[in-house]
Amino acid sequence: MVLGASGFLGSAVTHALADLPVRVRLVARREVVVPSGTVADYETHRMDLTEPGALAEVVADARAVFPFAAQIRGTSGWRISEDDVVAERTNVGLVRDLIAVLSRAPHAPVVVFPGSNTQVGRATADRVVDGSEQDHPEGVYDRQKHTGEQLLKEATAAGAIRATSLRLPPVFGVPAADTADDRGVVSTMIRRALAGEPLTMWHDGTVRRELLYVTDAARAFVTALDHADALAGRHFLLGTGRSWPLGEVFRAVSRSVARHTGEDPVPVVSVPPPAHMDPSDLRSVEVDPARFTAVTGWRATVTMADAVDRTVAALASRRAAAPSEPS
């Protein structure tokens, strides 16, 4: 079961399951693109899972669930306010509903939950995090993700399900479907560069981020299915094991776009931060994914240079194919 199968990560996992001899049920608000020529047997359901009773209708017989459902309005999935009831319903309410439905199953279904590596909070400052830290989530999004993760851990401890949380860094890359929109910082900067706009930073460019290519992230979630019992009840950090200064990432984007377009590289500049800036925006994050690798053998394989070039090529192609606006 892939919930939110039309989204960026959900569609990537949908494609990652294609070569497995499994039955896959895809659920999303929007149209779902089913991979062609696959071993997997797909069925699709188009619905709003936040509606009462919707979740029970499609997950009651699930053996494994990837809950990627997310709110689709707005420009960012994680900059949310305290009073955003839609976000709370999506990030926490759906987890409660999922546990309630799956707890009635006789076989303890598997749940692989997408967490965030920023759930740990201030412990990320000036150190490498590996998942063993005590969590102090700060922002609304991080607190909601943390609540959902804790609910799943409690249900696992009670024997109702076998859940694990894979805490993600910023994920970017080539969308697996036209319905999938990557709203992350790397793809946003690629779109700006393709439009000839400067790439702006709210700092001097030395703030570091762990970044993960989307196919590596999707492969981690599918790999987790084969190690469900060993992973159950715990959370794990995903990443490449190397963080990057954002100034270096943005300059790589600028150069790659220039190679694809034949235009001069756009400038990378520092600008004053906006009023809505979160303190975490200026905090470097470095991740050690060794705990997940030790259990599953998974490793990220796509280099940063290749990841940026692949994403630039795909977004440039999309831009070229899009209908031009009348002048």
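**Some points on the nonpolar core**
And step 1. If you look at the biggest cluster of nonpolar residues, it comprises 36 residues, and the most contacted ones within it are Val2, Val13, Leu166, Phe221 and Leu238.
And step 2. When contributions to this core are tallied by element, the ones reaching two or more residues are helix 1 (8-16), strand 2 (23-28), strand 4 (64-67), strand 5 (110-116), strand 7 (162-168), helix 6 (214-225) and helix 7 (228-231).
And step 3. When residues in this core are grouped by element, the largest group, 7 residues, is from helix 6.
And step 4. Residue contacts for Val13: discarding those within four places in its chain leaves Val2, Phe66, Phe68, Ala218, Phe221 and Val222.
And step 5. The next biggest cluster of nonpolar side chains, apart from the first, holds 26 residues, and it includes Met1, Val27, Met47 and Val95.

**Some remarks on the sheet that holds strand 5**
And step 1. Read across the sheet, 7 strands follow the order 3-2-1-4-5-7-12 without closing on themselves; strand pairing throughout is parallel. The sheet terminates laterally at strand 3 (41-46) and strand 12 (235-237), the two strands that pair on one side only.
And step 2. Alignment of strand 4 against strand 5, held across 2 bridges, turns out to be parallel. The partner of Ala64 across the bridge, within strand 5, is Val110.
And step 3. Helix 4 (residues 140-157) rests against strand 5, strand 7 and strand 12 of the sheet, and its axis sits at about 155° to strand 5.

**A short note on empty space enclosed by the protein**
And step 1. Under the criterion given, the structure shown has 1 cavity of 30 Å³ or more.
And step 2. Of the volumes computed, that of the largest cavity is approximately 40 Å³.
And step 3. Across the lining of the largest cavity, the residue classes break down as 3 nonpolar, 3 polar and 3 charged.

**Notes on the layout of surface pockets**
And step 1. Estimated volume of the second largest pocket: approximately 350 Å³.
And step 2. Along its surface, the second largest pocket is lined by 15 residues, and Met1, Val22, Arg23, Arg63 and Ala64 are the ones closest to its centre.
And step 3. Among the elements of the structure, strand 2, strand 4 and helix 6 are those that each provide at least two residues to the lining of the second largest pocket.
And step 4. Here the lining of the second largest pocket takes 3 residues from strand 2, the largest share from any one element.

**Concerning the confidence of the model for the protein**
And step 1. Per-residue pLDDT for the protein has a mean of 90; in total, 93% of the residues score no lower than 70.
And step 2. Contacts of residues 73-78 to residues separated by more than four positions or lying in other chains number 10 contacts, the stretch itself having pLDDT below 50.

**Some remarks on the packing of aromatic side chains**
And step 1. In total, this model carries 6 aromatic pairs according to the counting rule given.
And step 2. Pairing Phe66 with Phe221 gives two aromatic rings, centres 6.4 Å apart and planes at 70°, and the pair type is edge-to-face. Of the two residues, Phe66 sits in strand 4 while Phe221 sits in helix 6, which places them 155 residues apart along the sequence.
And step 3. Each member of the aromatic cluster is reached from another via a ring pair, and the members are Phe66, Phe68 and Phe221.
And step 4. Taking NZ or CZ as reference, Arg242 lies 3.8 Å from the ring centre of Trp244, over its face.

**Observations concerning the pattern of salt bridges**
And step 1. Counted by the stated rule, this structure contains 16 salt bridges.
And step 2. With its nearest N and O atoms 2.8 Å apart, the salt bridge here joins Glu138 to Arg283. Taken together, the positions of Glu138 in the loop between strand 6 (128-129) and helix 4 and Arg283 in the loop between strand 14 (268-270) and strand 15 (286-287) put the pair 145 residues apart, joining distant regions of the chain.
And step 3. On the basis of relative accessible area, Arg283 is assigned to the buried category, the value being 10%.
And step 4. One salt-bridge network, held together by shared partners, links Arg23, Arg25, Glu43 and Asp61.

**Things to note about the environment of Ala5**
And step 1. Summarising the element assignment, Ala5 is placed in the loop between strand 1 (2-3) and helix 1.
And step 2. Between the C-alpha atoms of Ala5 and Ala177, which are 172 residues apart in sequence, the distance is 9.8 Å.
And step 3. Setting aside anything within four residues of it in sequence, one finds Ala5 in contact with Gly10, Ser11, Thr14, Leu26, Val27, Ala28 and Val32.

**Quick look at the pairing of strand 5**
And step 1. A large share of strand 5 lies buried, amounting to 7 of its 7 residues.
And step 2. By the alternation rule, side chains of strand 5 split into Val110, Val112, Pro114 and Ser116 and Val111, Phe113 and Gly115, which are all buried.
And step 3. As judged from the 7 bridges shared by strand 5 and strand 7, these two strands associate in the parallel manner. Its bridge partner being in strand 7, Ser116 is matched across the sheet by Leu168.

Criteria and thresholds
- Note on numbering: residues in each chain are counted from 1, in written sequence order.
- Under the rules for a predicted model, residues below a pLDDT of 70 receive no local features and side-chain atom pairs below 80 are neither given nor counted, while totals for whole chains, interfaces and linings still include all residues.
- The basis for the side-chain values is all heavy atoms of the structure; hydrogens and waters are excluded.
- Definition used in this section: a nonpolar core is a set of buried Ala, Val, Leu, Ile, Met, Phe, Trp, Tyr and Cys residues joined via side-chain atoms within 4.5 Å.
- Note on classification: 1.4 Å probe, protein chains only; a residue is buried when its accessible area is under 20% of the maximum for its type, exposed when over 50%, partly exposed between these limits.
- In DSSP terms, a helix is any run of H or I states spanning at least four residues, a strand is any run of E spanning at least two, and both are numbered starting from the N terminus.
- What makes two residues a contact is simply this: any of their non-hydrogen atoms within 4.5 Å.
- Strand pairing requires that DSSP identify at least two bridges connecting the strands.
- Helix axes use the C-alpha atoms of the stretch in contact, all axes being lines fitted to C-alpha atoms, and the angles between their N-to-C directions lie in the range 0 to 180 degrees.
- Grid spacing is 1 Å over the protein atoms alone, the probe is 1.4 Å, and a cavity is where that probe fits but cannot get out, while a pocket is an open set with protein on both sides within 12 Å along at least five of seven lines and lining residues have an atom within 4 Å of a point.
- Grid points are joined across faces, edges and corners, and a volume is the space filled by probe spheres set on the points.
- Residue classes follow a fixed rule: Ala, Val, Leu, Ile, Met, Phe, Trp, Tyr, Cys and Pro count as nonpolar, while Asp, Glu, Lys and Arg count as charged, and any other residue, Gly among them, counts as polar.
- As a per-residue measure, pLDDT reflects the predictor's confidence and takes values from 0 up to 100.
- By convention, a stacked pair of Phe, Tyr or Trp rings (six-membered ring in the case of Trp) has centres within 6.5 Å and planes under 30 degrees apart, an edge-to-face pair has planes over 60 apart, and any other such pair is tilted.
- By definition here, charges over rings are those cases where NZ of Lys or CZ of Arg is within 6 Å of the ring centre and within 35 degrees of the ring normal.
- Take a side-chain nitrogen of Lys or Arg and a carboxyl oxygen of Asp or Glu: if they are within 4 Å of each other, that pair is a salt bridge.

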